Each structure stands twice: as C-alpha cells, then as structure tokens.
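Per-entry structural report
In case you want the letters, here they are:
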Amino acid sequence: MTDTSRHERTDGSPYAPHTSEETAEMLAAVGVESEAELFDVPEPVRFDGELGIDSRSERELRAELSETLAKNDDLTEFLGRDHHSHYVPSVVEDLTRRSEFLTSYTQYQPEITQGFLQALFEYQSLLVELTGLPVANCSMYDAATALGEAARLAGRVRQASGTTVLIPEILHDNKREVLANYVDGTDLEIGTYPMDDGNVDVDALAEHVGDETVMVYVENPTVRGTIEERLAEVGEIADGADALFCLGTDVVALGLLEEPASVGADVVVGEADALGLPTAYGMGLGLFATRETFLRQVPGRLVGAGEDAAGKRAFTLTLQTREQHIRKERATSNICTNQAWVALRTAMHLAYLGPDGLVDLAGQCVREAESLSEALNGLRGVKAPVHERHHFREFLARTDQPAPAIARDLETNGFAVHVVDDHLLQVCVTDVNAAQTDALVEAFEEAL
Amino acid sequence: MNYDQARYGDEDRYEPLLSEKDTTSVDVDEASPLPEDLTRDSLELPRLSEPELARHYTRLSQMNWSVESGPYPLGSCTMKYNPSFTEDVAADPSGAVHPDRSDGTIQGTLELLYGLQDYLARIGGMDAVTLQPPAGAAGEFTGILVAKAYHEANDDERSEVIVPASAHGTNFASAAMAGYDVVELPSGEDGRVDLEALEAAVSEETAALMLTNPNTVGVFERDIEEIAEIVHDAGGLLYYDGANLNALLGQARPGDMGFDVMHYNVHKTFATPHGGGGPGAGPVGVTEELAEFLPSPQVREREGHYELYEPEQSIGKVHGYQGNWLVLVKAYAYIARLGDAGLKDAAAKAVLNANYLASQIDLDIPYGPFHHEFAATAGDRDAADVAKRMLDYGVHPPTTKWPEFVPEAMLTEPTEAESLDSLEDLADAFDSAMNDSTEEIESAPSKTTAGRIDQAAAARNPRLSWRALGEEE
C-alpha cells in the first residue's frame, strides 16, 4: 500500500498504522497466521455477516455531513429555557482544540497531567468565587443531572429526618423527569410548591416545608427568566426545617444576581456551559458547589492542591474514596466520565471576560430582555412580560391569538421562539441575537 | 525513549494560577441595571488579556499528556487516536441548534442522530438505541432503569443486580443508584464467570447480570450462551457493559450472545476524544421487547421525514436534553469513515497489538487468551511504582492495581492506533522500569512536570480552590 492510498483506504481502519509487512512480522512474533486466530470466540456467537455500513473517505464525509446538517433551517433562535449560549471567543475555541487537552484522559497519573489538573482546579476556584461556597466539583453532565445528584446528596445527609424534595411548580419538564429518575432508586419523594407571579410563593412555601423536607429547590433566574426577590427568606425557611437549600442558576447569572452563599444556599447546581460552549443541541456542563460540611458526600471528581517530591505545589485528583472506582456500590455517585473539557472552556471564557466583562454580559441579559419585552408589549394583542418581575435573558409573552400559530409564522420568517402554552410564548435574548431584536419584533407584528 | 516534559514555574510552583496572574474586583451594584437588593455586592475574578490567556493555557497544555503525545495504554479506557476531521464535522455551525427547535426545522440534526441510532444498533446487534446518556456510567444507569421498568411492567418486581467482582466500579454504583442490591459474583479460577457460582447467585430476585465481554482481563466469556440461559431462565436480563466493545467490532455482537441491553462508550470504541475526563457519550441499545421503555425522545423516520417521539412506556429523561451532541456527531463520522471493513480491522489490529506487545515484555500474564487488553502482573514489584517509572521512559503507563484479583496488575490496552515502533517503545519502557532498582522506581518520576505527588497528604488536607490556598497563607 502506498502512502497516499493509506488515507483513502476503505478496506481497513485508516487509523491503524500497520503496513502489511509489519502486520506479518507481528503475527509471526505472536505465533499465529492471521488475526482471526487471536479471537477466542465460540463459533455460534461469531459474527460473519455484514454490518452494512459503507466506508466513505474523509473528503466524502465532510461533504456528506455538511450537506446533511445544511438541511437544518437557518433560524435566528430566541430560545433559552435551560440551554443558554453566549458568544464564545475564538481564542477559547482555538486553545481547547489543542490536542494535549482534547485527547487526554482523566488525570490518574497526576505527575504527567499537571496542565489539565491545574485548569480544573482553576475552574473549581472560579465557581467558588461565583457561588461563595467553598467546594465545587470539576463537573457534572448538565444542570438536570446535577439537580438529581443534589437531591441524592440531600437524601443521604438528611436520611434521618425525611424524604421529601420540594421543587417549584413551574420547572422545565425535562429537569423534573431527570430528577424523578435520579431519585427512583431511593426513598425520596418529589413534592411541589406553588409560584406567585413567576417566582417562589414564599408564604406558601413556608406552609409546604415541614420536618419531612430534606431539600428545597429554587431557581434564580427561573425557567421563565424571572429574578427571585426573597431568596434569603427561602434560605431561612429551609434552614428552619433542617432541609438543604439548593439553588439552581447559571454561570452568567452568578456574576450579577445575589451570591448563593449570602442567601444561605447549601448546594448550587446549574448550567456552567452558558459560557464557553456555543449552542450544542442541549449538551451541557453541570455546575455543582456546596458547603464544606458535605465535602465527603460530593458526587464526581475533585482536584486538590498538594506537593510533589520537590516540595512544589502540584495538583491531583483527591478524596477519591467517594468515587465508584474505589467505593463501588457505596460511592456517592456512579459518575466517572464527566464534562472536563467543557469545564476547561468555561474557565477560559470566564478568565477572558474577567469580573467586569461578566457583569457587563449579565447586565446586558437584563437590559435586552427589558427592552425586547417593552417592544413586544407595544404590539396589539401582546402582553409582555407576563410576570411583573425583573427578568434575566427571557420572559413570557401572552398573545391574544394562539401562540403555536404565531410561532409557526415566526419560523417561516426565520425566527424560533418557545411555545409554553396555548397563548404563551417565551422569548430569550442574549448578546448572540440582540442585533436581530428589531427584525423579530417586525416579524412578530406580521404574524399577529 | 528520551523524554522531558515541559516544566514552567519557579521554586515554589509550576505555572502560576490565573488568580496569581491577575485578580480584579468590581463593585457589582454600580454596574447593575437591577435594584441593589437583587444583586451581589462585589465580584473578584482574574481577568487576563487575550495574549496572556493564550500563553497560560498553551503552557498548561504543554504540561499535559495526551494520545497525540505518545502511547496511552490504559486498560479498559481505549485511548485510540481521535481523527482530526471529526472535529471539523462537529464544528459545523449548521449543527449548532437549540434542542427546543421544532422537528421540521432540524431535519439535518435528526437525520444524523437517526443514522447513528441505526449504526449502533447494527454494531451491537440490537433493535433500538437511545443516544441520550451522556457517559458510560449514565448509560449503565439508563440501561438498568430500562430493565427495572420492563420487570415492573410485567408485575415482576426484583431486587438484585449481579455484578462480577472484576467489573468496572461504575456497574456496582449504577445498579445501586437504580435502587438495587448488588450481588457480587466471585471470579472463576480462569478469570471468567464461574457458572456454578452464577447458578447459585441467580434467583427470582435477579433483575439483571451486568457483564463485560471480553472481560476486564481481556478474556472472552466463552460460556456466554450458558450464562445467558442461566440468567434468562431465572427471569433476569443480561446487561452488556460496552467498555471493551473495541475488541469485537464487526467480529461478534452482544445481541447475538443473548444480551438484552447494552451501553456503548463512544469515547472509547468510536474514537471521540476523552477531553481530560469527558465529555463522552453512553448510548444504550436494547432488544425489541425493551424498546418501549427507552428514554424520551427517540428519533424515527417516516417517509423521509425525521421526528422525535416518546416511546410508549418510556422511563422519561436521563439528561436535560438529548445528551452530548458534539460527541455523537464525531462518533457518527468515525463509524462512517471506517465502515464494515474498517471496524472489523480496528478490532483485529487492537487484538493483534495487545498480543504483540504481550509477546515483547518480560512480565507474566496470568489470564488468557486475551484480546484487546491484558493484565500483566508486576510480580514482587509494586505496580504503581513501576508505572511511575514508566513515565520517565516517555510513555503513559497502563491502568495499575486493577482488576483487584490480579496481583500487582498492569492492565494494558494499546489499541489499534499504536504502530509497531511505538509498541516497541512501550515494551522497552515496561522492561526497563521492571529492571530498575527499587530506589529508582520509588523515586520516579523525574522527567514529568511534577515529581511524585503525595496524594494521601493532599486528601488529608483538602485544598480545593485558590481561595483555600489564600486562606492558608
């Protein structure tokens, strides 16, 4: 086989470097005539058929997949609801594609993986600054699974006192379903508390929280984009019942809204991928931070600082006895592979923005939502925002005409918005689509 | 091989932390459009210029080992080469869509996912596949929840999952997370499942047996048909842990062996990058009778139109949306690049490489015949020390001290991506490290960025952020 044909080959793996001579030499060294002899697989379970998967060259595949993905309509998305994106600078894309990061494994040999360990330690440290809580792990899959893990943690540390996890009545259905699966194998039960004009109905919550409550979950901003106003009271209510206060948020909102530690949060979960990761069909990065008290109950990997033989500061995975590879069925979680590379991206984006850049970006999320809701509210037959609250990135709009029909019209004109109910739409605006808000309002007006 | 890893820093530390390069504090109230009582007071974070940021992370990257740096033969991890073009495919901006888009506007995305469901079903010999689980362990959890839903739908509540002692730790943890009692099955003398022990372990409480095949010493469970019969006769399901699927691509299929449910580790078998610990993806394949219990949504095709739907008795969701899209795209591209012949060849070369490497080293390998990986024993030497010494020879060492039933185990999986020359470098590293003095191996490594790190001390005094480091000073 010549060097040029190797890359085009479809009769074997193009990523196995063996020449025929090398293969022959290796087979001889092993003492067999063919690779088939090395498979100790009984005849009845051998596969002799065809999988029916055609091999294509790299060039063909790039063209084919680009053509496939081009079948997606080119819409300007005003979509949020638990999957948010902001502009990711090229330097983040570029540096995270370095193969030393991208193609490395979990840091079980810390001496040779100081670079990634330090990057993850920095990620944890950034979350500590943002949440005010002293312990942040180095990633969960996404916000929904992080919430599931938080409920399980609450169940363990408040085992003696009860079994109820309280969640808001208004929550993304997906998150509720994931949570239900995460507690399926436990004694935990999920209860809901009512909302008042988009936010926690604090007085009703106080009624709902009792001795059996192990965790109260609140989001800020909420799934409808409203900003909570009485979080410290929620913290006190939870604390009064010896329940954990779990706050769901995202990494941009954390730059501006009340610091979780200052309102008494025991666990913070949410989307860390709002920075660093562009829209990726729901791929995420779950942030998870908590108090020192629960350190040994934390799910997932933790990076700690230590010393090496030269007496220098060095980093290593730590407190691994919590984890599945050591503790097996008694582990705090089954998580092994996580979202480390996304955490690297998020940390880079945060350091790129700095605190002023982050506060500016978060401020923009408030201002853009306000001005877009005002503009939509000016249209006949539209009331926006529905909730008389401050909003972050997104808000509800009530429409006299059926919302699904309006959304379809908008789609035809190149815009995507959420349909929340028969007469409720949800619109999300960030730095990414802010330049298209006038066009959206125009299309909205036509659709009415 | 001569090797010295990059080592930036001064006498106290390696590359300074972001916070040691810059710390900036801002008064949030002043910059905020919100009433003061809804915002935090201040925020203190590092802020680096783009050139400083680029240099910081480039230096960190140089102090890190990767598949593209050299051999990375971690057993059960399948650290194969990750083709560059798959990154370009995943970066296609047309694929950057929000998951709440209506089906009709994301036909390309759905077509690709449908295609991957189909490819994986073919490779595993399964009838239906969900792509939602974001990692292998998430796949296990999903698969066990599907098994649980199946039993419950048959009014047949069961309380136990059987897991061989040699299984990956995630198996135990995933079964326990789903609410099952874990019954540990001791390994037979030949490293395989002991049929008598299995007969004794199964009962009407058995929901499933979780099995890796080839198992975690690379040995094929030759009795797989009998194993399937024993489990099925007891009314249990057979779960396939896909961590070692690379050994069997196109050569044998879990579905043909009697497995009812399986997960795939696309970040192992299908060459998507491990990213320093993730993201991966852990799709789950099932037989027809379990398909109705898969997570929602699934993708189906109707007259050329792709749509999402909820299986009738779906367990619901296991991820906030549809899993790790960027990873799934890369897996699709890899599988399509290889095709039938390439997949079969990948397994063949992976098995050849493991066997060739084994033939070139002086360590004993107690269990065989093995396939894509082998568990060598360091004998009277400490496997962890030998591994640290191997770092000085410019290779990454194998997985050490696991599985536990192999004394001083060095579980080695070179994958098909290592060349003959590279395998010889690895063999030299093994033998050199084994022959070095105890003093040399105990003081290793010296060529890596950091010297030996006292992990026990770090765990006794956890310092998990720069804030914690600052408070100490």
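Residues numbered from 1 in each chain as written. Chains lettered and ligands numbered in written order. Predicted model: local features only at pLDDT ≥ 70, side-chain atom pairs only at ≥ 80, totals over all residues.

When its secondary structure is counted, chain A shows 14 helices and 17 strands. Across its three principal axes, chain A shows a C-alpha extent of roughly 80 × 55 × 50 Å. Residues counted as buried form 60% of the 448 residues belonging to chain A. Pairs at least 24 residues apart make up 71% of the contacts formed inside chain A by residues separated by at least 6 positions. (Helix = DSSP H or I, 4+ residues; strand = E, 2+ residues; numbered from the N terminus. Buried ≥ 20, exposed ≤ 12 C-beta atoms within 10 Å, placed from the backbone. Contact = placed C-beta atoms within 7 Å.)

Attention now goes to the overall build of chain B. A count of helices and strands for chain B gives 17 helices and 14 strands. Radius of gyration (C-alpha) of chain B: 24 Å, near the 23 Å computed for a compact globule of 473 residues. In chain B, buried positions account for 62% of the 473 residues. Put simply, 70% of the contacts in chain B that link residues at least 6 apart link residues at least 24 apart. (Rg over C-alpha atoms; globule rule 2.2 N^0.38 Å.)

Here we take up the sheet that holds strand E13 (residues 399-400) of chain B. Residue and element names in this part refer to chain B. Overall, antiparallel pairing links the 3 strands, which are arranged E12-E14-E13 in an open sheet. The open sheet has two free edges, formed respectively by strand E12 (374-377) and E13, since each of these has just one partner strand. Here E13 runs beside strand E14 (residues 409-412); their pairing, made up of 2 bridges, is antiparallel. Residue Thr399 lies in a different strand from E14, and its bridge partner there is Leu411. (Pairing = 2+ DSSP bridges.)

Along the polypeptide, Lys328(A) turns up in the loop between helix H11 (324-327) and helix H12 (340-377). For Lys328(A), the contacting residues outside a window of four places in its chain are Gly169(B), Phe172(B) and Ala173(B).

Attention shifts here to unusual backbone geometry. Geometrically, the link from Ala384(A) to Pro385(A) is a cis peptide bond, its omega value of -10 degrees lying close to zero. The omega torsion across Trp402(B) and Pro403(B) is 0 degrees, close enough to zero to call that bond cis. Structurally, Pro403(B) is set in the loop between E13 and E14. You will see that Ser76(B), though not glycine, has its phi angle at about 70 degrees, which is positive. The exposure class of Ser76(B) is buried, given the 22 C-beta atoms found within 10 Å. The residue Glu408(B) is not glycine, and still its phi comes out positive at about 45 degrees. Secondary-structure assignment places Glu408(B) in the loop between E13 and E14. Residue class for Glu408(B) comes out partly exposed when judged on the 19 C-beta atoms lying within 10 Å of it.

Now for the interface of chain A and chain B. Contacts between chain A and chain B engage 158 residues on the former and 168 residues on the latter. Tallied by class, residues from the side of chain A that touches chain B come to 72 nonpolar, 46 polar and 40 charged. (Nonpolar A, V, L, I, M, F, W, Y, C, P; charged D, E, K, R; others polar.)

You can read the domains of chain B as domain 1 (84-337) and domain 2 (338-458). Taken together, the contact pairs 23 residues of domain 1 of chain B with 23 residues of domain 2 of chain B. (Domains from an automatic or database assignment.)

To continue, consider the domain arrangement of chain A. All names here are of chain A. The domains assigned to chain A are domain 1 (3-65), domain 2 (76-87 + 354-447) and domain 3 (90-347). Each of domain 2 and domain 3 has a C-alpha centre, and the two are 28 Å apart. Contacts between the two partners involve 24 residues from domain 2, matched on the other side by 24 residues from domain 3. Where the side of domain 2 that touches domain 3 is concerned, the elements lending two or more residues are H12 and strand E14 (394-399). Take the side of domain 2 that touches domain 3: its biggest share by element is 7 residues, from H12. A per-class count over the side of domain 2 that touches domain 3 returns 9 nonpolar, 9 polar and 6 charged.

Our focus in this paragraph is the confidence of the model for chain B. In this model, chain B carries an average pLDDT of 97, and 100% of its residues clear a pLDDT of 70 or more. Reported confidences for the modelled complex are a pTM of 0.98 and an ipTM of 0.98. (pLDDT = per-residue confidence, 0-100.)

Moving on, we get to the sheet that holds strand E2 (residues 135-136) of chain A. All names here are of chain A. Strand order in the open sheet formed by 7 strands is E2-E10-E9-E8-E7-E3-E4, and the pairing between neighbours is mixed. Taken across any chain shown, the strands that pair with only one partner, and hence form the sheet edges, are E2 and strand E4 (189-193). With 5 bridges joining them, strand E8 (residues 244-250) and strand E9 (residues 267-271) adopt parallel strand pairing. Residue pairing across strands places Thr249 opposite Gly270, the latter belonging to E9.

It is worth spelling out the nonpolar core at this point. When a protein is soluble and globular, its nonpolar side chains tend to lie buried together. Counting 310 residues, the largest nonpolar core has Met215(A), Val216(A), Val146(B) and Tyr239(B) as the members making the most contacts within it. Examining the composition of this core, we find that 23 residues originate from one element, helix H12 (residues 325-360) of chain B, more than from any other. (Core = buried A, V, L, I, M, F, W, Y, C linked by C-beta atoms within 7 Å.)

Residues and elements named next belong to chain A. By the criterion of burial, strand E7 (residues 213-219) is predominantly enclosed, with 7 of the 7 residues buried. By the bridge criterion, 3 bridges tie strand E3 (residues 164-168) to E7 in an arrangement that is parallel. Residue Leu166 lies in a different strand from E7, and its bridge partner there is Val216. Pairing geometry for E7 and E8, over 5 bridges, is parallel. By the bridge assignment for E8, Tyr217 is matched with Cys246. Viewed along the sheet, the connection from E7 through helix H10 (residues 231-240) into E8 turns out right-handed. (Right-handed = clockwise from strand over helix to strand, strands pointing away.)

Before going further, it helps to examine the pairing of strand E7 (residues 237-242) of chain B. Along a regular strand, successive side chains alternate from one face of the sheet to the other. Residues and elements named next belong to chain B. With 6 of its 6 residues buried, E7 lies for the most part within the structure. With 5 bridges joining them, strand E6 (residues 206-212) and E7 adopt parallel strand pairing. Along E7, the bridge assignment pairs Met210 with Tyr239. Crossover connection from E6 via helix H9 (residues 224-233) to parallel E7: handedness right-handed.

In this section: H9(B). Residue and element names in this part refer to chain B. Buried residues of H9: Ile224, Ile227, Ala228, Ile230 and Val231, and no others. One face of H9 carries all of its buried residues, which in axial projection span an arc of 165 degrees. In this structure, the buried residues of H9 make contact with helix H8 (195-201), E6, E7 and helix H10 (254-257). Of the residues one or two after H9, Gly235 is the one with positive phi, at around 85 degrees. (Arc of directions from axis to C-beta.)

In this section: the packing of helix H2 (residues 20-30) of chain A against H12(B). When two helices pack together, their arrangement is given by the angle between their axes and by how far apart the axes lie. Between H2(A) and H12(B), the least distance of the axes is 9 Å, while the angle of their chain directions is 55 degrees. Between H2(A) and H12(B), the crossing angle belongs to the class labelled oblique. The chirality of how H2(A) crosses H12(B) is left-handed. Packed against H2(A), whose contacting residues are Met26(A), Leu27(A), Ala29(A) and Val30(A), the element H12(B) presents Leu352(B), Asn355(B), Tyr356(B) and Ser359(B) at the interface. In terms of residue class, the contact of H2(A) with H12(B) is built from 6 nonpolar, 2 polar and no charged. (Axes fitted to C-alpha atoms, helices over the stretch in contact; angles between N-to-C directions. Parallel < 35°, antiparallel > 145°, perpendicular 65-115°, else oblique. Left-handed = near helix turned anticlockwise from the far one by under 90°.)

Residues and elements named next belong to chain B. The end-to-end C-alpha distance of helix H14 (residues 420-435), which contains 16 residues, comes to 22 Å, matching closely the 22 Å that a straight helix rising 1.5 Å per residue would cover. Within H14, the full set of buried residues consists of Leu423, Leu426, Ala427, Ala429, Phe430 and Ala433. All buried residues of H14 project into a common sector of 155 degrees when viewed along the axis, lining one side. Exposed residues pointing more than 90 degrees away from the buried face of H14 are listed as Asp421 and Asn435. On its buried side, H14 packs onto H12, helix H13 (383-391) and helix H15 (438-443). (Expected span 1.5 Å × (residues − 1).)

Here Thr279(A) is to be found in the loop between E9 and strand E10 (286-290). When the C-alpha positions of Thr279(A) and Val88(A) are compared, they lie 9.9 Å apart, and in sequence the two are 191 residues distant.

Turning our eyes to something else, we now look at the environment of Glu77(A). Topologically, Glu77(A) is positioned in strand E1 (residues 76-77). Each C-alpha atom, one on Glu77(A) and one on Val427(A), is 9.0 Å from the other, the two residues being 350 residues apart in sequence. Those residues within four positions of Glu77(A) in sequence are excluded, and the remaining contacts are Ala416(A), Asn433(A) and His98(B).

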